[in-house]
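Chains, contacts and geometry: an overview
Single-letter residue listing:
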Amino acid sequence: MIEYLEIQKLFNKVIAFSQGTDQINTDKLFQEWSKNKQEFIKIFDGELIHDFGEFEVSINEEEQSYLINDFLDQAAQSMSISFNDFSDFYQFVCANKKSFFQNLVSNDSINFGKPILKGMKLSKAFKFFIEDKEELIKVQQLASKFIQQNKIKGHLCASVHPLDFLSLSENTYNWRSCHALDGEYRAGNLSYMADKVTLIWYLKGDDDVHLPNFPNDILWNSKKWRMLCYLDEYFDYCFLGRPYPFNSKDLRDKVIDILNYYFRSFYPFINNRITQFNNKITTGDTDLSSQNCVLYSPLIKINTHDKWEVRQLNEVVKDNSQLHYNDILYSSYYFPYYSSAIKPRNLKNEFPKITVGSKVKCLHCNSGNIDFGEHSMFCPDCLKSLHLNYEDYFICDFCGQRVTEDDYITTYNGNIICQECISAGLAFFCENCGEWFVEEEGEYSEKYGKMFCKECFEEIYDEEIEYRKRNGLED
């Protein structure tokens, strides 16, 4: 219990930093967590985080194709260009699908009359289709995010550690979700933490690092990939949640192998949607007769004591809180992989209920209900008494500090950076164009003795190279 108290101190410090007040009480939350996660902790011999070693993921061609289509869909939402211009951009990306993840132009036969050469950086060629500077940067950053998903190496872990629940969407790998500590479902992290069914799987980098919305002196793992999974109290049934920020068959299969070894022996996991046709329900490879099925929610098939039953998904998976976003029940994007134990442990022959989430209370008064609409971890009364109005605050993208409008600047690619980070030399001002930028977005000019943003550096590139050669600074 002493170890848990130390974890609680760190947890409280993260909450205080990210939510803007140190007047918090997490005793009740930790009591619920330590009680409800005990079965998971026992399975992993007392460990809150079990590291299964290094694992490398390579995205196959089918998954690459899905990712590129995903990129195009998201890019379309970021661009305000005409249909014809987007059609050109779409065709250009599709013509270079084979080299998309190398960020190279491999097909110079489709260039739409523009100076696009084979071997050119693919994302750099986007400028021939997107004139608006801000939109161009957003789409280039989006492409970079997808390209990074092609081959990933890290340590695969299973966890019920409180700091892992807080950092569900806090990472240094350029992805986030609504469960970020400044997101609309931030209190959902507490809901998952306190329930009996949720286990976190993730792939992490080698070193603990400073995460967004964590204080500088608390270093924690950065998640390259993560997935929640839900198991009923007997571990007879398992549902895999939506993986972020990408889907990987290799990672999913590895997680399933571990579940089979540590928990139960499951039937092969499936994610087929069952459809109804001529009074028969089919999953594509199985016909199950049913005369009285009404399709209120997706149908699934589950084996209960060697008997396959068809049920509505929301009969099996239920929500106990509105604070989290349950992808299994509500996502139009993801349909879960799920399975049943080959030899169930529930001898009462009860139909399974996996109740996701816990009705956690305000982290200040411990009695009021957290209002989802406030996007916070406090009840409305405590928000007022603590003078917390999150609409008046902004989060520094570099240190995670909450700042007001007068205490930050925005870099030319949209990042918010606080005055402390500016003073620490993390941002530079381009005197040529008047924009702020961070180091990786700029280049140092030996000729002029100062930093330029990359776009302005391109304008002086030839004279810079000539200066460096003339002064023996470059081969």
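Below or above, wherever it landed, is the structure these notes cover. (Residues numbered from 1 in each chain as written. Predicted model: local features only at pLDDT ≥ 70, side-chain atom pairs only at ≥ 80, totals over all residues. Heavy atoms only, no water.)

A look at the packing of helix H4 (residues 61–78) against helix H5 (residues 83–95)
Two packed helices can be described by the angle between their axes and the distance between those axes. Quick reminder of the rule: Angles run from 0 to 180 degrees between N-to-C directions of axes, and those axes are lines fitted to C-alpha atoms, restricted for helices to the stretch in contact. In DSSP terms, a helix is any run of H or I states spanning at least four residues, a strand is any run of E spanning at least two, and both are numbered starting from the N terminus. In these notes the angle categories are as follows: under 35 degrees is roughly parallel, over 145 is roughly antiparallel, 65 to 115 is roughly perpendicular, and the rest is oblique. If you view the pair so one helix is near and one far, a crossing is left-handed when the near helix is turned anticlockwise from the far one by less than a right angle, and right-handed when it is turned clockwise. Any two residues having at least one pair of non-hydrogen atoms within 4.5 Å are treated as being in contact. Three classes are used: nonpolar for Ala, Val, Leu, Ile, Met, Phe, Trp, Tyr, Cys and Pro, charged for Asp, Glu, Lys and Arg, and polar for all others, with Gly counted as polar.
Where H4 meets H5, the closest approach of the two axes is 11 Å, and the angle between their N-to-C directions is 160°. Relative to H5, the element H4 is oriented roughly antiparallel. In terms of crossing hand, the pair formed by H4 and H5 is right-handed. Residues Ile68, Phe71, Leu72, Ala75 and Ala76 of H4 touch H5, and the partners they reach there are Phe86, Phe89, Tyr90, Val93 and Cys94. Along the lines of polarity and charge, the residues of the contact of H4 with H5 split into 10 nonpolar, no polar and no charged.

Description of the environment of Cys433
Where we set the bar: Exposed residues in this analysis have more than 50% of their type's maximum accessible area, buried residues have under 20%, and partly exposed residues fall in between, with area computed by a 1.4 Å probe over protein chains only.
Its place among the elements puts Cys433 in the loop between strand E18 (428–429) and strand E19 (436–437). With a relative accessible area of 33%, Cys433 lands in the partly exposed category. Excluding residues within four positions of it along the chain, Cys433 makes contact with Cys453 and Cys456.

With respect to the sheet that holds strand E4 (residues 223–231)
Within a sheet, adjacent strands bond to each other through the backbone by hydrogen bonds, running parallel or antiparallel. Applied cut-off: For two strands to be treated as a pair, DSSP must find no fewer than two bridges joining them.
Strand order in the open sheet formed by 6 strands is E1-E2-E3-E4-E5-E12, with antiparallel pairing between adjacent strands. Edge positions in the open sheet fall to strand E1 (49–58) and strand E12 (337–340), since each of these has one partner strand only. In this sheet, adjacent strand axes meet at a mean angle of 20° when their direction is disregarded. Each of E1, strand E2 (151–159), strand E3 (198–204), E4, strand E5 (237–240) and E12 touches helix H10 (residues 249–262); the most contacted strand, E1, lies at about 150° to it.

Looking at the environment of Arg186
The line we're drawing: Any N or O atom pair separated by 3.5 Å or less is treated as a polar contact, with the protein-specific requirement of one donor-capable and one acceptor-capable atom, and with residues adjacent in sequence counted only for side-chain atom pairs.
Mapped onto the elements of the fold, Arg186 is located in the loop between helix H8 (162–166) and helix H9 (188–194). For the pair Arg186 and His375, spaced 189 residues apart in sequence, the C-alpha separation works out to 6.9 Å. Of note is the side chain of Arg186, whose polar atom sits 3.2 Å from the backbone oxygen of Asp182. In this structure the side chain of Arg186 is engaged in a polar contact, spanning 2.9 Å, whose partner is the backbone oxygen of Gly183.

Describing the packing of H4 against helix H7 (residues 133–147)
The contact between H4 and H7 brings their axes to 10 Å, and the two run at 160°. Taken together, H4 and H7 sit at an angle that is classed as roughly antiparallel. In terms of crossing hand, the pair formed by H4 and H7 is right-handed. Here Leu67, Asp70, Phe71, Gln74, Ala75 and Ser78 of H4 come into contact with H7, specifically with Glu135, Val139, Leu142, Ala143, Lys145 and Phe146. Of the residues contributing to the contact of H4 with H7, the split by class is 7 nonpolar, 2 polar and 3 charged.

Looking at the side chain of Glu135
For clarity, the cut-off: Under the convention used here, Asp and Glu are negative, Lys and Arg are positive, and both His and the chain ends fall outside the count. One speaks of a salt bridge when a side-chain nitrogen belonging to Lys or Arg is within 4 Å of a carboxyl oxygen belonging to Asp or Glu.
With respect to the helices, strands and loops of the structure, Glu135 is situated in helix H7. Although Glu135 is buried, it forms no salt bridge, and the closest oppositely charged side chain is Lys138 at an N-O distance of 7.5 Å. Side chain to side chain, Glu135 and Ser80 meet in a polar contact 2.4 Å long. The contacts of Glu135, once residues within four sequence positions are left out, are Ser78, Met79, Ser80, Ile81 and Ile130.

Describing the pattern of salt bridges
All chains considered together, the criterion is met by 17 salt bridges. Among the ionic pairs, Glu458 bridges to Lys124, the shortest N-O distance being 3.6 Å. Of this pair, Glu458 sits in helix H15 (residues 454–459) while Lys124 is found in helix H6 (residues 122–125), placing the two residues 334 residues apart along the sequence. Taking relative accessible area as the criterion, Glu458 reaches 46% and is therefore assigned partly exposed.

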